Amino acid sequence: MTNSNDDGAPRPQAVVAGDLDDAGALNGRAGASEFSIGGPDGRAAGANPYELLSASLAACTAMTIRFQARRRKFPLSHVEVAVSYHHGGNGGRDSFERSITLEGNLGDDERAQLMQAANMCPVGRTLGLSADIRTNDSVSGGPAASYDDDLSELSIPNIDPD
């Protein structure tokens with residue numbers, strides 16, 4: 001699969017667009033997938049940017065684990081990855097809490113290898129440059145970061161709220 005248009009120009013991996021009169025609705029496209037993106041005013045349904053970021057980490061982790069299981073012929077029958085994004089308190093680093101469930105007739109060594117593979121996911125390596133990624137057997141890192149709250153805290157001059 002090439003990452004360029006027919007004219008050779010680079011093709012973006014994702015596009016998000018929307019009109020001002022669409023009640024806050026934004027439409028996203030990544031690859032062949034199209035989806036709605038939720039707005040801070042609650043008028044548009046869909047995932048917000050923090051949820052999309054968490055979904056990217058979850059998807060990459062699951063794909064990396066599945067790839068390793070197939071490559072090593074491990075008896076993994078199902079993988080589930082849950083991710084929540086959290087702000088760092090008192091100027092600390094932000095973090096992602098990741099919970100991984102592996103199903104199948106896996107031995108302890110196979111499980112350990114697959115959990116180690118989770119830390120090799122490319123999206124996790126990129127996000128890990130500016131945030132911590134903690135893998136747990138359950139997600140319990142306090143309340144997830146709120147995109148709506150963060151957006152409302154931005155100081156944007158010369159703009160009156162609706």
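Everything quoted here is computed from the prediction, not taken from an experiment.

Cut-offs and rules
- Residues numbered from 1 in each chain as written.
- Predicted model: local features only at pLDDT ≥ 70, side-chain atom pairs only at ≥ 80, totals over all residues.
- Heavy atoms only, no water.
- Helix = DSSP H or I, 4+ residues; strand = E, 2+ residues; numbered from the N terminus.
- Buried < 20%, exposed > 50% of the residue type's maximum accessible area, 1.4 Å probe, protein only.
- pLDDT = per-residue confidence, 0-100.
- Contact = heavy atoms within 4.5 Å.
- Expected span 1.5 Å × (residues − 1).
- Polar contact = N/O pair within 3.5 Å; in protein donor to acceptor, adjacent residues only side chain to side chain.
- Arc of directions from axis to C-beta.
- Phe/Tyr/Trp six-rings, centres within 6.5 Å; stacked < 30°, edge-to-face > 60°.
- Axes fitted to C-alpha atoms, helices over the stretch in contact; angles between N-to-C directions.
- Parallel < 35°, antiparallel > 145°, perpendicular 65-115°, else oblique.
- Left-handed = near helix turned anticlockwise from the far one by under 90°.

Enquirer: Break down unusual backbone geometry for me, with residues and values.
Expert: The backbone phi angle of K73 is positive, close to 60°, even though this residue is not glycine. Note that K73 resides in the loop between α1 (49-72) and β4 (76-86). When its relative accessible area of 72% is taken as the criterion, K73 is described as exposed.

Enquirer: Let's hear about the confidence of the model for the protein: which residues, and what values?
Expert: Scored by pLDDT, the protein comes out at a mean of 81, with 74% of its residues at no less than 70. Note that residues 158-162 has pLDDT below 50 and, in this model, 0 contacts with residues that lie over four places away or in other chains.

Enquirer: Got a sec to walk through α1? Specific residues and values, please.
Expert: Look at α1: 35 Å from first C-alpha to last across 24 residues, which is about the 34 Å you get at 1.5 Å a residue. Along α1, the residues classified as buried are Y50, S54, L57, A58, C60, T61, A62, T64, I65, Q68 and A69. One side-chain oxygen of the residue at the start of α1 lies 2.8 Å from the amide nitrogen of Y50, identifying that residue as N48. In the segment just after α1, K73 is the residue with positive phi, at about 60°.

Enquirer: Lay out helix α2 (residues 108-118) with the relevant residues and their values.
Expert: Within α2 the residues assigned to the buried category are L114, A117 and A118. What you see down the axis of α2 is that its buried residues fit within an arc of 110°, all on one side. Seen from the open side of α2, the exposed residues pointing more than 90 degrees away from its buried face are D108, D109 and Q116. The inward-facing, buried residues of α2 abut α1, β4 and β5 (94-104).

Enquirer: Run through the packing of aromatic side chains, naming residues and quoting values.
Expert: Applying the stated criterion across every chain, the model contains 2 aromatic pairs. Between the aromatic rings of Y50 and Y85, the centroid separation amounts to 4.7 Å while the plane-to-plane angle is 55°, which identifies the pairing as tilted. With Y50 in helix α1 and Y85 in strand β4, this residue pair connects regions lying 35 residues apart in the sequence. On the basis of relative accessibility, which here comes to 17%, the residue Y50 falls in the buried class.

Enquirer: If you had to explain the packing of α1 against α2 to someone new, which residues and values would you point to?
Expert: Their axes nearest at 8 Å, the elements α1 and α2 cross at an angle of 140°. Considering the angle they form, α1 stands oblique to α2. Where α1 crosses over α2, the handedness of that crossing is right-handed. Between α1 and α2, the residues in contact are T61, T64, I65, Q68, A69 and R72 and Q113, L114, A117 and A118, respectively.

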